[in-house]
Amino acid sequence: METPYHKRSAALASSTKIWLPLLLAALAAAVIYWALGFPREEGGARGSIPQTSRLEVPEAARTAPTDPHFAPSAARIAKGGTIRGRVQLYFAGGDAVDKTATVPPGMKVLLRPARFLKGRATAEERDLPVATDRGFSAEGLSFGAYDVCAAAPGWSGTISSVELAPLEPYVDITLRAVPCPDLVGFLRDVTRAPIEGCPILLTGRTERGSPYGERTKTEADGSFRIPQLEDGHYQVVAGVDTMPLHTPLQIDVRRGKLPEVTIEVPTLARLEVTAVVKGLEFLVEGMAVSLSRTEQLDQSQAATTDAQGKARFDFLLPGEYVLRGSREYFRVVNAKFDLVAGQFERLELRTLPEMPEFIPMLPPVPQVPVPPENR
């Protein structure tokens with residue numbers, strides 16, 4: 001027979017089956033909520049971090065460029081670039097290293113913005129001393145592109161181009177220096193006869209971009225010499241600057257080497273001009289005389305008559321010429337004539353005063369014997 005106690009026990013068991021799973025579900029939900037709400041030390045938490053615990057971002061990182069190759073940490077570590085290395089000194093001719101040579105007086109390593117690289121705008125200029133062991137060094141350089149070479153009086157340095165960047169802030173380089181050679185040349189005519197006393201002009205630019213110009217004259221044997229010519233590109237011309245005897249001869253000096261120069265021109269002529277007053281024994285001093293070839297009127301020579309009324313022109317190519325003489329208070333005079341190869345020609349320019357009343361005031365001309373013609 002079922003007692004009241006047995007009935008209460010059955011009812012309690014039935015109710016337990018209902019609320020016990022609910023209790024367990026609530027506990028499980030509480031555990032999950034707790035786990036999600038508090039981050040673990042190992043990281044990977046998905047809860048929000050309090051504002052007071054956020055990391056401070058450096059100003060350099062906040063203002064860094066958006067370039068994907070930019071590295072803020074590397075930029076903060078590298079405060080500038082470094083270029084260092086050694087200078088190798090070569091024997092004349094540049095074929096072998098002179099291991100026993102001492103550093104030439106005044107030798108420096110020149111750092112210049114590169115002429116042909118994009119980073120030249122941010123590069124700087126420095127002159128670095130070369131130590132007795134031929135070493136050199138520069139630190140804290142602005143990032144950019146540089147031309148680097150060794151330079152000293154009488155020496156040429158081969159240019160090396162390098163780039164410094166935050167990710168590549170260090171360059172080690174070996175530079176080459178060689179003694180500057182002398183330019184030796186000869187001027188002859190088509191008969192192989194030497195031409196003495198002819199002007200020689202050398203112009204151009206050194207390898208470092210510096211303009212260069214030098215003048216000399218040929219010796220009795222037709223030779224000329226221009227000492228210690230740096231590496232670079234040059235042109236040499238024989239004759240008067242305004243009326244050269246040939247097209248410019250191009251010369252390249254590379255690593256202390258250059259060819260021997262021989263210039264050959266046609267057999268030349270010479271001209272002597274005498275300015276006189278027409279019909280009178282009076283020589284005109286101070287007349288400006290201009291001489292041009294009819295083939296090249298844009299090229300000319302100029303001279304002024306001396307106290308004997310003479311002006312002389314040497315080293316002239318054979319051919320047809322035009323001559324013009326002018327002086328204040330005198331009429332302009334013109335002449336056209338031919339010059340023959342190998343000849344010394346004489347020509348009179350006859351003029352008159354612009355006002356005839358000046359004629360009685362002209363002084364007489366002293367009689368000067370005329371020497372025989374010669375080449």
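Residues numbered from 1 in each chain as written. Predicted model: local features only at pLDDT ≥ 70, side-chain atom pairs only at ≥ 80, totals over all residues. Heavy atoms only, no water.

1. Brief notes about the sheet that holds strand β5 (residues 144-151)
What links the strands of a sheet is backbone hydrogen bonding, and the strands pair in either a parallel or an antiparallel sense.
Then, in step 1: Taken in spatial order, the four strands line up as β3-β2-β5-β7 in an open sheet, and their pairing is antiparallel. Each having just a single partner strand, β3 (126-129) and β7 (160-164) make up the two edges of the open sheet. Within this sheet the neighbouring strands show an average axis-to-axis angle of 30 degrees, counted without direction.
Then, in step 2: Pairing geometry for β5 and β7, over five bridges, is antiparallel. Bridge pairing in β7 places valine 148 opposite serine 160. (Pairing = 2+ DSSP bridges. Helix = DSSP H or I, 4+ residues; strand = E, 2+ residues; numbered from the N terminus. Axes fitted to C-alpha atoms, helices over the stretch in contact; angles between N-to-C directions.)

2. Section: the side chain of threonine 274
Then, in step 1: Among the structural elements, threonine 274 can be located in strand β17 (residues 269-277).
Then, in step 2: Residue threonine 274 is classed as buried on the basis of its relative accessible area of 11%.
Then, in step 3: Within polar-contact distance, the side chain of threonine 274 engages the side chain of lysine 310 at 3.1 Å.
Then, in step 4: In this view, threonine 274 contacts Leu283, Gln308, Gly309, Lys310, Leu347, Glu348 and Leu349; residues no more than four positions away in its chain are not counted. (Buried < 20%, exposed > 50% of the residue type's maximum accessible area, 1.4 Å probe, protein only. Polar contact = N/O pair within 3.5 Å; in protein donor to acceptor, adjacent residues only side chain to side chain. Contact = heavy atoms within 4.5 Å.)

3. Quick look at the pattern of salt bridges
Then, in step 1: If you walk through the whole model with that rule in mind, you get 16 salt bridges.
Then, in step 2: Residue glutamate 125 is joined to arginine 112 by a salt bridge in which the shortest nitrogen-to-oxygen separation is 3.9 Å. In this pair, glutamate 125 sits in the loop between β2 (108-113) and β3 while arginine 112 sits in strand β2, placing the two residues 13 residues apart along the sequence.
Then, in step 3: Taking relative accessible area as the criterion, glutamate 125 reaches 57% and is therefore assigned exposed.
Then, in step 4: A salt bridge links aspartate 241 to arginine 215, with the shortest nitrogen-to-oxygen separation between them at 2.5 Å. (Salt bridge = Lys/Arg side-chain N within 4 Å of Asp/Glu carboxyl O.)

4. Topic: unusual backbone geometry
With glycine set apart, most residues show a phi of negative sign, and most peptide bonds adopt trans.
Then, in step 1: Residue glutamine 228 is not a glycine yet carries a positive backbone phi of 50 degrees.
Then, in step 2: You can see glutamine 228 is positioned in the loop between β12 (223-226) and β13 (232-240).
Then, in step 3: On the basis of relative accessible area, glutamine 228 is assigned to the partly exposed category, the value being 49%.
Then, in step 4: Phi at arginine 255 takes a positive value of approximately 55 degrees, unusual for a residue other than glycine.
Then, in step 5: Its location among the elements puts arginine 255 in the loop between β15 (249-253) and β16 (261-265).

5. Brief notes about the pairing of strand β1 (residues 81-89)
Then, in step 1: Sheet topology note: the β1/strand β4 (residues 135-141) ladder contains five bridges and is antiparallel. Looking across to β4, one finds that arginine 86 is bridged to glycine 135.
Then, in step 2: Of the strand pairs in this sheet, β1 and strand β8 (residues 170-179) are connected by eight bridges, and their pairing is parallel. Counted as the bridge partner of leucine 89 is alanine 177 from β8.

6. A closer look at the confidence of the model for the chain
Then, in step 1: Within the chain, residue pLDDT values average 82, and 73% of them lie at 70 or more.
Then, in step 2: Under a pLDDT of 50 for its full length, residues 38-78 has, in the predicted model, 18 contacts with residues more than four places off or in other chains. (pLDDT = per-residue confidence, 0-100.)

7. Examining the side chain of arginine 188
Then, in step 1: Inspection of the secondary structure assignment puts arginine 188 in strand β9 (residues 183-189).
Then, in step 2: Salt bridges are absent for the buried arginine 188, whose nearest opposite-charge side chain, glutamate 260, sits at 6.6 Å.
Then, in step 3: Among all residues touching arginine 188, those that are not within four sequence positions of it are Ala193, Pro194, Ile195, Thr262, Ile263, Glu264 and Val265. (Lys, Arg positive; Asp, Glu negative; His and termini not counted.)

8. Considerations on the sheet that holds β8
Then, in step 1: Read from one edge of the open sheet, four strands run β4-β1-β8-β6, paired in mixed fashion. Edge positions in the open sheet fall to β4 and β6 (155-157), since each of these has one partner strand only. On average, adjacent strands in this sheet sit at an angle of 25 degrees to one another, irrespective of strand direction.

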